[in-house]
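Read off the chains here:
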Amino acid sequence: MNINRPQNALVPVEEAVDRILDKVAPVEAETVPLTRSFGRILAAPVTSPINVPPFANSAMDGYAIIASDSSGAARQSPCRLTVVENVPAGETPSCTITPGTAARIMTGAPMPPGATAVIRFEETSEFLPVEDLPSTEVLLYNPVNAGDNVRLPGEDIKQGQTILKPGHRLRPQDVGVLAAVGQAQVPVYRRPRVAILATGDELVDIEQPLTPGKIRNSNEYGQAALVEKYGGEPVMLGIARDTVADLTAKIKQGLAANVDLFLTSAGVSVGDFDMVKTVLAGQGEMQFWQVAIKPGKPLAFGVLHHRRPVPLIGLPGNPVAAMVAFEVFARPAILKLAGHTRWTKSSVWAKLDEEVTNSGRRHYMRAYYYLAENGEYRVTTRDSGVKVQGSGILTSMVWANGLVVIPESITYLPVDHQVEVWILD
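The structure displayed is predicted, hence computed values, not measured ones.

How each quantity is defined
Residues numbered from 1 in each chain as written. Predicted model: local features only at pLDDT ≥ 70, side-chain atom pairs only at ≥ 80, totals over all residues. Heavy atoms only, no water. Helix = DSSP H or I, 4+ residues; strand = E, 2+ residues; numbered from the N terminus. Buried < 20%, exposed > 50% of the residue type's maximum accessible area, 1.4 Å probe, protein only. Core = buried A, V, L, I, M, F, W, Y, C linked by side-chain atoms within 4.5 Å. Contact = heavy atoms within 4.5 Å. Pairing = 2+ DSSP bridges. Axes fitted to C-alpha atoms, helices over the stretch in contact; angles between N-to-C directions.

**Quick word on the environment of Asn318**
Then step 1. As for its position among the elements, Asn318 is in the loop between β20 (310-315) and α6 (319-337).
Then step 2. A residue is classified by how much of its surface remains accessible, and Asn318, at 41% relative accessible area, is partly exposed.
Then step 3. Linking Asn318 and Gly392, residues 74 residues apart in sequence, is a C-alpha distance of 5.4 Å.

Structural data, given as structure tokens:
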């Protein structure tokens, strides 16, 4: 995508996402046992080799009969049938039902030959006993129609039917259907491996003591959790110092781990000490953007040269900006790598509890949305212990359960205006 714009112009959010996704393709497929398929993305269509159910069976506990034998049955004038067999689930009937006969049958048991319907126990003398009625006879108190309470072969799934398509995320009910058709092995996209690298001389790891001028490395751990949340496998590379040698070594370490996507945090802004831009430019074809987004304006994207091209997204260094930018840019890339065919963020529409202002960029405001007593969603961007939207206030992301999306074209919204809220939880 070739865009002619001034060098310092802000890149629209949608354009940045499109340019990233244009360089991302799904990873290869693998076959996993059904027991490990939950949450994975199907890589090939699944067709059923059998009918489900495979045979006509009873949908109720009752009596298998010829439906016409129940014609005119009523509590005061029941129809009397001879019971010729008892058919439990899992057993094969041995008798054929003929006019005037019935088979006692359990739910799921195969229908005996000749039977056309099942009448429930509740509509027979089994439920309302009659004194001195022989055990080999049953009274019917209601009429039934042919096909009543009978599950036909293929009623749920027909042999040869495509039951799940590629790109489908497997849920518990999908796993159950796969089990029903005997799919012991499932073709899915493998989990994309995502390298995560935090950069900066100011960082120390979480178990190291803080000394003057240092902060702990929270970005790497938060991003690793986000990678797992969206179906990836994080490859944590630790901290790279602000030297060409250390940054280069860490990038090569990640590439050697055969990753599918590389994420860095910090070092992509206009600061004098941002070495990441220099190193990345030497390792591949990189672009450094100022994106029309708040928080998280500085963003890098490109492709690292390795045995195969590896896309890289350079996120901002401030913790909140890094998490917001992850949701906007890295999340759809990981989903596409993992085989998803759609990556629109789940959202609700809610009314503002307070007015908000905007400065001309797409603003993703930390927010808390809730269901009001009148049944409508409302949202606040201020009612927290922090009460600020600063990009370094990580606890505001703990308080927030959503992000209010304010378009770049809007500078002011009043109380009760309806806004889109991205769902975080």
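**As for the nonpolar core**
Then step 1. Counting residues in hydrophobic clusters, the biggest one holds 42 residues, and the most contacted among them are Ile20, Ile313, Phe326, Val328, Phe329 and Tyr364.
Then step 2. Among the secondary structure elements, those contributing two or more residues to this core are α1 (13-21), β12 (193-199), α3 (218-229), β16 (261-265), β19 (298-304), β20, α6 and β25 (402-406).
Then step 3. In terms of residue count, the dominant contributor to this core is α6 (eleven residues).
Then step 4. Those residues in contact with Ile313 that sit more than four places away from it in its chain are Ile20, Leu261, Phe262, Leu263, Thr264, Leu299, Ala300, Phe301, Phe329, Ala330 and Ala333.
Then step 5. If you look at the next biggest cluster of nonpolar residues, it comprises 19 residues, including Val268, Val276, Met286 and Leu312.

**As for the sheet that holds strand β8 (residues 137-140)**
Then step 1. One open sheet accounts for five strands, arranged β7-β4-β6-β5-β8; its pairing is mixed. Strand pairing shows two members of the sheet lacking a second neighbour, β7 (117-120) and β8, which therefore form its edges. On average, each strand axis in the sheet is tilted by 40 degrees relative to the strand beside it, whichever way the strands run.

**Re the sheet that holds β12**
Then step 1. Read from one edge of the open sheet, six strands run β15-β12-β16-β20-β19-β17, paired in mixed fashion. On the outer flanks of this sheet lie β15 (233-240) and β17 (284-290), each paired with one strand and no other. On average, adjacent strands in this sheet sit at an angle of 15 degrees to one another, irrespective of strand direction.
Then step 2. One ladder, built from seven bridges, connects β17 with β19; its direction is antiparallel. Within β19, the position partnered with Gly284 by the bridge is Leu304.
Then step 3. Helix α4 (residues 244-256) rests against β12, β15, β16, β19 and β20 of the sheet, and its axis sits at about 165 degrees to β15.

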